[in-house]
Amino acid sequence: MNDNMKTTRGLLDSQERVLSAVIQWLDYNKHSDDPIRELVDQVLNQTRNAKFASGKELDEAENFEG
């Protein structure tokens, strides 16, 4: 795996961890019904989708024999 791909995977992992922590904090502090909670949840879901799609693209790039 080259460093750019490692960096991209690390960035997506970090973003997911932070967004998950924010949701946990909002829920713990009784902000589950606040509009910001829904927004963070939407972004987290988009991040997970992007992580999955990017992972497939990065796997293909790593395995490309050109």
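Residues numbered from 1 in each chain as written. Predicted model: local features only at pLDDT ≥ 70, side-chain atom pairs only at ≥ 80, totals over all residues. Heavy atoms only, no water.

Peer 1: An account of the overall build of the protein is needed here, citing residue identities and associated values.
Peer 2: Helix and strand counts for the protein come out as two helices and zero strands. For 66 residues, the compact-globule estimate of 2.2 N^0.38 gives 11 Å, and the C-alpha radius of gyration of the protein, at 15 Å, exceeds that figure by more than 25%. In terms of principal-axis extent, the alpha carbons of the protein reach across some 55 × 15 × 10 Å. The burial tally for the protein puts 21% of its 66 residues in the buried class. Taken as a whole, the protein presents about 5,200 Å² of accessible surface, with 52% of it coming from carbon and sulfur. The averaged location of the 13 negative side-chain charges in the protein is 5 Å from the averaged location of its 8 positive side-chain charges. (Helix = DSSP H or I, 4+ residues; strand = E, 2+ residues; numbered from the N terminus. Rg over C-alpha atoms; globule rule 2.2 N^0.38 Å. Buried < 20%, exposed > 50% of the residue type's maximum accessible area, 1.4 Å probe, protein only. Areas by Shrake-Rupley, 256 points an atom, 1.4 Å probe, with all protein chains shown as cover. Lys, Arg positive; Asp, Glu negative; His and termini not counted. Charge placed at Lys NZ, Arg CZ, Asp CG, Glu CD.)

Peer 1: Break down a nonpolar patch on the surface for me, with residues and values.
Peer 2: Together, Ile36, Leu39 and Val43 make up a nonpolar patch on the protein surface, roughly 240 Å² of accessible area in all. Mapping Leu39 onto the fold places it in helix 2 (residues 35-63). Given the relative accessible area of 45%, Leu39 is considered partly exposed. (Patch = residues over 30% accessible without salt bridge, like charges linked within 9 Å, V, L, I, M, F, W, Y side chains within 5 Å. Salt bridge = Lys/Arg side-chain N within 4 Å of Asp/Glu carboxyl O.)

Peer 1: I'd love a proper account of the side chain of Arg37, names of residues and values included.
Peer 2: You can see Arg37 is positioned in helix 2. Under the relative-accessibility criterion, Arg37 is labelled buried at 18%.

Peer 1: Explain the pattern of salt bridges to me, and be specific about the residues and the numbers.
Peer 2: Inspection of the entire model under this criterion finds six salt bridges. Its salt-bridge partner being Arg9, residue Asp59 comes within 2.7 Å of it at the nearest N-O pair. Of this pair, Asp59 sits in helix 2 while Arg9 sits in helix 1 (residues 3-28), and the two are 50 residues apart along the sequence. Of the residues examined, Asp59 reaches a relative accessible area of 36% and is grouped as partly exposed.

Peer 1: Account for the nonpolar core, with residues named and values stated.
Peer 2: Membership of the largest hydrophobic core is limited to five residues, which are Leu19, Ile23, Leu26, Val40 and Leu44. Every element with two or more residues in this core is listed here: helix 1 and helix 2. Sorting elements by how many residues they give to this core places helix 1 first, with three residues. Every residue in contact with Leu19, bar those within four places of it in the chain, is listed here: Val40, Val43, Leu44 and Thr47. (Core = buried A, V, L, I, M, F, W, Y, C linked by side-chain atoms within 4.5 Å. Contact = heavy atoms within 4.5 Å.)

Peer 1: Summarise helix 2; cite the residues concerned and give the values.
Peer 2: The α-helix winds at 3.6 residues per turn, so residues separated by three or four positions along the chain end up facing the same way. If you check helix 2, its first and last C-alpha atoms are 42 Å apart, about what 29 residues at 1.5 Å a residue would give, namely 42 Å. For helix 2, the complete set of buried residues consists of Arg37, Val40, Leu44, Thr47, Ser54, Gly55 and Leu58. (Expected span 1.5 Å × (residues − 1).)

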